[in-house]
Amino acid sequence: VVNGGGVVVIGGSNSYDYGDYEGTFFETLLPVKIGVGDKVEGDTNVVIVVDISGSTGSNFGKNSVVDVEKAQAISLLDNMRNTDKVALVAFNSQAFRLTELEPLADHKQVLVNQISRLKDGGGTVIAEGLREAIDILDNTVGSKQIVLISDGISQLASNGILYSKLAAQKGIRIYTVGVGGKTDEKQMREIALNGL
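Reading the values: the criteria
Residues numbered from 1 in each chain as written. Predicted model: local features only at pLDDT ≥ 70, side-chain atom pairs only at ≥ 80, totals over all residues. Heavy atoms only, no water. Helix = DSSP H or I, 4+ residues; strand = E, 2+ residues; numbered from the N terminus. Expected span 1.5 Å × (residues − 1). Buried < 20%, exposed > 50% of the residue type's maximum accessible area, 1.4 Å probe, protein only. Arc of directions from axis to C-beta. Contact = heavy atoms within 4.5 Å. Salt bridge = Lys/Arg side-chain N within 4 Å of Asp/Glu carboxyl O. Pairing = 2+ DSSP bridges. Axes fitted to C-alpha atoms, helices over the stretch in contact; angles between N-to-C directions.

Enquirer: It is not clear to me how helix α5 (residues 157-169) should be interpreted in this structure. Could you clarify?
Expert: With 13 residues, α5 should cover 18 Å at 1.5 Å per step; its first-to-last C-alpha distance of 19 Å lies within 8% of that length. Considered for burial, the residues of α5 that qualify are Gly160, Ile161, Ser164 and Ala167. Burial along α5 is one-sided: seen end-on, the buried residues are contained in an arc of 115°. For α5, the exposed residues set more than 90 degrees away from the buried face come down to Ser158, Leu162 and Gln169. If you follow the buried residues of α5, they end up packed against α4 (126-137), β7 (172-178) and α6 (185-194). Within two residues after α5, glycine 171 carries a phi angle of roughly 75°, on the positive side.

Enquirer: Mind showing me how you'd approach the pattern of salt bridges here?
Expert: Opposite charge on two side chains permits pairing when their charged atoms draw close. This model, assessed by the stated rule, comprises twelve salt bridges. Lysine 108 serves as the salt-bridge partner of aspartate 78, at 2.9 Å between the closest nitrogen and oxygen. Here aspartate 78, found in helix α2 (residues 65-78), pairs with lysine 108, found in helix α3 (residues 104-116); they are 30 residues apart in sequence, far enough to count as distant. Salt-bridge contacts for glutamate 185 lead to arginine 189; the nearest nitrogen and oxygen are separated by 3.9 Å. Note that glutamate 185 and arginine 189 are positioned in helix α6 at a spacing of four residues, about one turn of the helix. We classify glutamate 185 as exposed; its relative accessible area is 53%. Note on arginine 189: relative accessible area 37%, which makes it partly exposed.

Enquirer: Explain the sheet that holds β7 here, please?
Expert: Sheet strands associate in pairs through backbone hydrogen bonding, adopting either a parallel or an antiparallel arrangement. Across the sheet, five strands lie side by side as β5-β4-β1-β6-β7; this open sheet has mixed pairing. Each of the sheet's edge strands pairs with one partner strand only, and the pair in question is β5 (95-103) and β7. Between one strand axis and the next, the sheet turns through 15° on average, direction left out of account. Strand direction decides the pairing type here: strand β1 (residues 43-51) and strand β6 (residues 142-150), joined by eight bridges, are parallel. Looking across to β6, one finds that isoleucine 48 is bridged to valine 147. Where α2 meets the sheet, its contacts fall on β1, β4 (85-91), β6 and β7, and the angle it forms with β1 comes to roughly 170°.

Here you go:
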């Protein structure tokens, strides 16, 4: 889907939430939004926001949560087009802008290196990561997306919701990737639903 492919979902009138999927829980599971898309002129702009707070140092299978997050971020890069503009933000209780928004072809290895070197530690304020990402995307032309990779455990959680609503007002979509056995799914889901 990321590279322009399609998704086909087959089901009868009594399956998959009884059809009429737009706005349903089933739609949140899909990597696409139901409905007719609006054509956006300009670039595809993506800010990857990675949680590096102390809670991401906890074990998740044979790895730590932060190691799985880093693998997810690198996998995301591998599935993007070279022309997509990408920036990287890491956060704990504050945000760290690690790269600026540039075409992936121009700095993919820099992004991979930055992601690989991330270390966990400190508190967690998701709002700080979102704030920095919104700041990066605010004056760009084209589609604007934030991919938040986190366990969702955050101080000042309500501020994260406020920033997700602000993102929506600015035409920025937020996609959340929850990592870890203790992921705050409710928080991550609410951020994603607000950032539509």
